[in-house]
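# Residue-level structure breakdown
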Amino acid sequence: MEKIIRRRTNCGTSLPVLPVHPLLSRVYHARGIDSPEDLDLGLSRLIDPSQLLNGGRAATLLADAIAANLKMLIVGDFDADGATSTALALSALRQLGAAHVSYLVPNRFEYGYGLTPEIVELALGEQPDIIITVDNGISSLDGVAAASAAGIVTVITDHHLAGSELPDASVIVNPNQPGCPFPSKNLAGVGVIFYLMMALRSELRCRAWFESQGLKEPNLAQFLDLVALGTVADVVPLDRNNRVLVAAGLKRIRAGRARAGIVALLEMASRDPLSTVASDLGFAVAPRLNAAGRLDDMSIGIECLMCDEKSTAASYALQLDRLNKDRRIIENEMQQDALVALKGLQFEDTEPLPVALTLYQPDWHQGVIGILASRVKDRIHRPVIAFANGSDNQIKGSARSIAGIHIRDMLDAVATRHPGLISKFGGHAMAAGLSLAQADYADFSSAFVEEVGRHVEAGDMEAVIYTDGELEDRDYDLQVANELRFGGPWGQHFPEPLFDGRFTLVQQRLVGEKHLKLTVTPVNSTRLIDAIAFNVDLDRWPDESVEIVNLAYRLDINEFRGNTNLQLVVEYLSADGH
């Protein structure tokens, strides 16, 4: 669908100059950075762990468990945030002196999400005294009850939104649980467990544990590469606290101090670890890591992250790369099915799309429906839920939303108005998961669209691209592009600089079957610039009749066969006048 380009506040206004390039200063101001102090992303700026509700209680419980030589079992999630959380918890606890700690990340297709009773039954084989969840557990009422009945202590560490009832765990650490004063509600799961490990180290330090055991007190900064990867991969908002965490992790990676598994994944994606930025973690490393949980077993990803040996890490990275290629093939097939389904709905150009959409095909792969929902959402700018068959006549859905529509709240409202329609659900404002009976799909679809319709406002349905304005001719420069690249970390709610303008279209051709390679000239300039638009609509492009285009683009550096040149990465293009 056509999109509206709007410029962010402060794009062209006169503001105090920050000690950076004027263009970067303008970008920062548009994101609320108004003083040099705001640019300080040193670790001293982290919010103190003492502000995390129950952090001290959980640290005391774990310190007692370590001293008593109890068995601990980490139960993780099957995405990149869950994998990094699991690897961090396992490694940190061992370095802090835990003698018996292992992990369990069960197959998502057999056991579902979170600490379910079935997972507890599986965990009993490890005979744990304590189960520690990472990146899950806040909605695991039945699982926690099953663990308690088996005599197992549960420590929940999570960041997902809490429901109306909390599990009866021994302790819950979650910035989004009721009553938690922690100022940043945007920690990823890996951020929560990192904070808990900081609290645990402080507790052990107070007990003189390290001296008494002859242990070297670990420097927890060694885990910041994991924190950066999990935070970026989970697409949580990069508020100040998260930017501090991500910046510190990227600094370690660029300094050559990253763990072997992350280096191997970067190199597998042809990224230079010494010049890594957040987008490399989000678009190169995270998909390969996520592919294990989507198609196979996330333990492959966890073992890769835990690896100390370069060649072994490279072997795991190769497995993950192959899984990611398989995932792409499956996703492409499902996306074609979805596009056929969309055309079958016969929406006319003169008629508005519905306010929300559900899609279901029995043979779709459960592990890829989330990506599919995201792709369709991006295409039509509507909340989308994609469903695939589960087990026991249940179907599983993955939801993706747009700004203004809190998708978990929508599911909660549907569940309240229609008791029993949804078997279970959970998630965030922009993404959620759910299960329901296959026979109830049509009823749910109607109820979901109706519920979104109650909350949607006129502007929510507009696909708006916010940019940082136009560039001056002198800004088309490699050094400027480099400063923008490393001016982040960029991410959710702190977006990478995006610019817009009118360009004369000099050349256009398809590359890689669905990418449009362009040569353009800014209107009122003679400068020739390379550009590329990924995954274009092949029904519309290339179009030799178009002479002038409107572009929304990022200023980028393209390195190919030893040559470096400026390149525009096009996020949106339209023929001038359309």
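Structure: see above.
### Some thoughts on the packing of helix α2 (residues 55–67) against helix α7 (residues 189–206)
Between α2 and α7, the least distance of the axes is 8 Å, while the angle of their chain directions is 60°. It follows that α2 is oblique to α7 by the angle criterion. Pair α2 / α7 crosses with right-handed handedness. Residues G55, A58, A59, T60, L62, A63 and I66 of α2 form the contact with α7, whose own contacting residues are L196, M197, A199, L200, E203 and L204. Counted by class, the contact of α2 with α7 contains ten nonpolar, two polar and one charged residues.

### With respect to the sheet that holds strand β7 (residues 357–360)
Taken together, five strands build an open sheet; the order of strands is β7-β8-β9-β11-β10 and the sheet is mixed. Each edge of the open sheet carries a strand with a single partner, namely β7 and β10 (424–427). Neighbour to neighbour, the strand axes of the sheet diverge by 15° on average, direction disregarded. Where β7 lies against strand β8 (residues 384–389), four bridges are found, and the strand directions are parallel. When the sheet's bridge partners are listed, L359 is paired in β8 with A386. With respect to the sheet, helix α16 (residues 407–417) is in contact with β8, β9 (394–400), β10 and β11 (431–437), its orientation differing from that of β10 by roughly 160°.

### A short note on unusual backbone geometry
Residue G488 is joined to P489 through a cis peptide bond whose omega torsion reads 10°. For the bond from W541 to P542, the omega torsion is 0°, close enough to zero to count as cis. One non-glycine residue with positive phi stands out, namely D135, at about 60°. Turning to its location among the elements, D135 is positioned in the loop between β4 (130–134) and α6 (141–149). Given the relative accessible area of 0%, D135 is considered buried.

### Things to note about the packing of helix α11 (residues 260–268) against helix α12 (residues 278–295)
Orientation of α11 relative to α12, taken along the N-to-C sense of each, is 105°, at an axis distance of 9 Å. The pairing of α11 with α12 is recorded here as roughly perpendicular in orientation. On α12, the residues that touch L265, L266 and M268 of α11 are D280, V285, R288 and L289. Taken together, the residues that form the contact of α11 with α12 break down as five nonpolar, no polar and two charged.

### Regarding the nonpolar core
Counting 145 residues, the largest nonpolar core has M72, L88, L93, M197, L200 and L568 as the members making the most contacts within it. In terms of nonpolar packing, the next biggest core, distinct from the first, is built from 22 residues, I407, M410, L421 and A447 among them.

### Notes on the pattern of salt bridges
In the structure shown here, the tally under the stated rule is 26 salt bridges. Of the charged contacts, one joins R375 and E331 as a salt bridge, the two residues approaching to 2.7 Å between their closest N and O atoms. Of the two residues, R375 sits in helix α15 (residues 369–380) while E331 sits in helix α14 (residues 310–344), which places them 44 residues apart along the sequence. According to the relative accessible area criterion, E331 is buried, its value standing at 3%.

### Regarding the side chain of S574
With respect to the helices and strands, the residue S574 is situated in strand β17 (residues 563–575). Excluding anything up to four places from it in sequence, S574 contacts E2, W541, I548, V549 and N550.

The rules behind these values
Residues numbered from 1 in each chain as written. Predicted model: local features only at pLDDT ≥ 70, side-chain atom pairs only at ≥ 80, totals over all residues. Heavy atoms only, no water. Axes fitted to C-alpha atoms, helices over the stretch in contact; angles between N-to-C directions. Helix = DSSP H or I, 4+ residues; strand = E, 2+ residues; numbered from the N terminus. Parallel < 35°, antiparallel > 145°, perpendicular 65-115°, else oblique. Left-handed = near helix turned anticlockwise from the far one by under 90°. Contact = heavy atoms within 4.5 Å. Nonpolar A, V, L, I, M, F, W, Y, C, P; charged D, E, K, R; others polar. Pairing = 2+ DSSP bridges. Buried < 20%, exposed > 50% of the residue type's maximum accessible area, 1.4 Å probe, protein only. Core = buried A, V, L, I, M, F, W, Y, C linked by side-chain atoms within 4.5 Å. Salt bridge = Lys/Arg side-chain N within 4 Å of Asp/Glu carboxyl O.

No statement about biological role is implied by the geometric values presented.
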